[in-house]
Amino acid sequence: MVASRSPPSWGTLIWNAAKILLVYCAAGPLIGLLVFAVGLSLIAVGGGQANGGWIGPFVLLYGILFAHFVGLAWAGVAAVAAIALHYVVGQSARWIGAASGTVSFAMAVVSGFVRLPAGTESPIGPAIDSLGIAFFGLMAIVHVLAAFASWLLVRGLLRA
């Protein structure tokens, strides 16, 4: 005989949602800052800046003051997506973090907070430089990796 599990109570559902929201909003912006700093250093070094690796520690030093100011709203968007996905597919799915980060990035793009910069005019029309594309890609990586790491942190705290 297989024991059937009763659905979780409303209290458990709300408590799990609160834990997801708290972990995403507390840890997500800090993880995003770390990914952003490393990514900026890689872009600078890859772009030929001899001392470009120093931008990462500089961004970390001053970014710690602004990480939550910049990233809290997007962490909240990712958390709401993670909560919805958690209740649809269950907590065992590891891809929920990456999916919630993708939702957050998509919302940032649609709302205009993350966009490719306007290119300079050339004889063949507007041209976007590679730095703008690299920065756009870095922002996608920041959203996805911060949400993925936040999901990995919160998974152990959730109860069925």
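Chemist: What's the story with the environment of serine 100 in this structure? I'm lost.
Modeler: Positionally, serine 100 belongs in helix H4 (residues 96–111). Residues serine 100 and tryptophan 151, 51 residues apart in the sequence, show an inter-C-alpha distance of 8.9 Å. Once residues within four sequence positions are removed from consideration, serine 100 is found in contact with Tyr24, Ala78, Ala81, Ala82, Leu85 and Ala147. In this structure the side chain of serine 100 is engaged in a polar contact, spanning 2.8 Å, whose partner is the backbone oxygen of glycine 97.

Chemist: When you look at the layout of surface pockets in this model, what are you seeing that I'm missing?
Modeler: Take a probe with the size of a water molecule and roll it over the atoms, and the empty space left behind shows itself. Approximately 480 Å³ is the volume found for the largest pocket. In terms of lining residues, the largest pocket is bounded by 25 residues, among which Gly32, Val70, Gly71, Met139 and Val142 are the most central. Elements represented by at least two residues in the lining of the largest pocket include exactly helix H1 (10–46), helix H3 (67–89), H4 and helix H5 (130–155). When residues in the lining of the largest pocket are grouped by element, the largest group, seven residues, is from H5.

Chemist: Explain the packing of H1 against H3 to me, please; I cannot follow it from the model alone.
Modeler: A pair of packed helices is captured by two measures, namely the crossing angle of their axes and the spacing between those axes. For the pair H1 and H3, the least separation of the axes is 7 Å and the interaxial angle reads 140 degrees. With respect to their mutual orientation, H1 and H3 come out oblique. As H1 runs across H3, the sense of the crossing is right-handed. Side by side, H1 and H3 meet where Thr12, Leu13, Asn16, Ala17, Ile20, Leu21, Tyr24, Cys25, Ala26, Pro29, Leu30 and Leu33 of the first sit next to Ala67, His68, Gly71, Leu72, Ala75, Gly76, Ala78, Ala79, Ala82, Ile83, His86 and Tyr87 of the second. Grouping the constituent residues of the contact of H1 with H3 by class yields 18 nonpolar, six polar and no charged.

Chemist: Is there a simple way to think about the environment of glycine 53 in this case?
Modeler: Examined against the element boundaries, glycine 53 turns out to sit in the loop between H1 and helix H2 (55–63). A relative accessible area of 36% means that glycine 53 is categorised as partly exposed. Along the sequence, glycine 53 and leucine 42 sit eleven residues apart, while their C-alpha atoms lie 7.0 Å from each other. Not counting chain neighbours up to four residues away, the residues in contact with glycine 53 comprise Ser41 and Val45.

The rules behind the values
Residues numbered from 1 in each chain as written. Predicted model: local features only at pLDDT ≥ 70, side-chain atom pairs only at ≥ 80, totals over all residues. Heavy atoms only, no water. Helix = DSSP H or I, 4+ residues; strand = E, 2+ residues; numbered from the N terminus. Contact = heavy atoms within 4.5 Å. Polar contact = N/O pair within 3.5 Å; in protein donor to acceptor, adjacent residues only side chain to side chain. 1 Å grid on protein atoms, 1.4 Å probe; cavity = no way out; pocket = protein on both sides within 12 Å on 5 of 7 lines; lining within 4 Å. Points joined across faces, edges and corners; volume = space filled by probe spheres on them. Axes fitted to C-alpha atoms, helices over the stretch in contact; angles between N-to-C directions. Parallel < 35°, antiparallel > 145°, perpendicular 65-115°, else oblique. Left-handed = near helix turned anticlockwise from the far one by under 90°. Nonpolar A, V, L, I, M, F, W, Y, C, P; charged D, E, K, R; others polar. Buried < 20%, exposed > 50% of the residue type's maximum accessible area, 1.4 Å probe, protein only.

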